[in-house]
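# Summary of the model geometry
Residue-level listing of the chains:
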Amino acid sequence: NGPAITGAETPISGVVQVKQTANGSTLVQLNVGRVDGVRDGTKFSILDGKNGDFLAIATVTDVESNYAIARLDGDADKVARVAVGSDAKTNLRGQ
């Protein structure tokens, strides 16, 4: 079914399903995984689901077939605005 998809080459769009804090890090579960081309280390820009504002970078630390766990990095006030339903996108121009 065509060439293998990699996170670096093909844009991937998902949504934050779960957000939690563990050991001082803020983690999110995204609704995209290995079958969508997500790999360990894939970076997503997390955007406000209502207005599209950039909130944080999510770096994938664990990938399963249909979901991924990622660590959020960014300004504390913006990371605090990440919520269930926030958009997650790779390969945003200008980021």
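Being a predicted model, the structure only gives us computed values, none of them experimental.

### A few points about the confidence of the model for the protein
Predicted confidence across the protein gives a mean pLDDT of 89, with 86% of residues reaching 70 or more. Under a pLDDT of 50 for its full length, residues 1-7 has, in the predicted model, nine contacts with residues more than four places off or in other chains.

### Notes on the sheet that holds strand S6 (residues 87-89)
Here six strands make up a closed barrel; going around it, the order is S1-S2-S5-S4-S3-S6 and the pairing antiparallel. Recorded for the sheet is a direction-independent mean angle of 40 degrees between the axes of neighbouring strands. Of the pairings in the sheet, the one linking strand S4 (residues 54-63) to strand S5 (residues 68-73) comprises six bridges and is antiparallel in character. Across the sheet, Val-63 pairs through a bridge with Ala-68, a residue of S5.

### Overview of the pairing of strand S2 (residues 25-30)
Burial of the side chains of S2 is restricted to one face: Thr-26, Val-28 and Leu-30 are buried, whereas none of Ser-25, Leu-27 and Gln-29 on the reverse face is. Alignment of strand S1 (residues 13-22) against S2, held across six bridges, turns out to be antiparallel. Bridge pairing in S2 links Val-16 to Leu-30. Linking S1 to S2, which pair antiparallel, is a turn of two residues; within it Asn-23 sits at a positive phi near 50 degrees. For S2 and S5, the ladder comprises four bridges, and the chain directions are antiparallel. If you follow Leu-30 over to S5, its bridge partner there is Ala-68.

Rules of the game
- Residues numbered from 1 in each chain as written.
- Predicted model: local features only at pLDDT ≥ 70, side-chain atom pairs only at ≥ 80, totals over all residues.
- Heavy atoms only, no water.
- pLDDT = per-residue confidence, 0-100.
- Contact = heavy atoms within 4.5 Å.
- Pairing = 2+ DSSP bridges.
- Helix = DSSP H or I, 4+ residues; strand = E, 2+ residues; numbered from the N terminus.
- Axes fitted to C-alpha atoms, helices over the stretch in contact; angles between N-to-C directions.
- Buried < 20%, exposed > 50% of the residue type's maximum accessible area, 1.4 Å probe, protein only.

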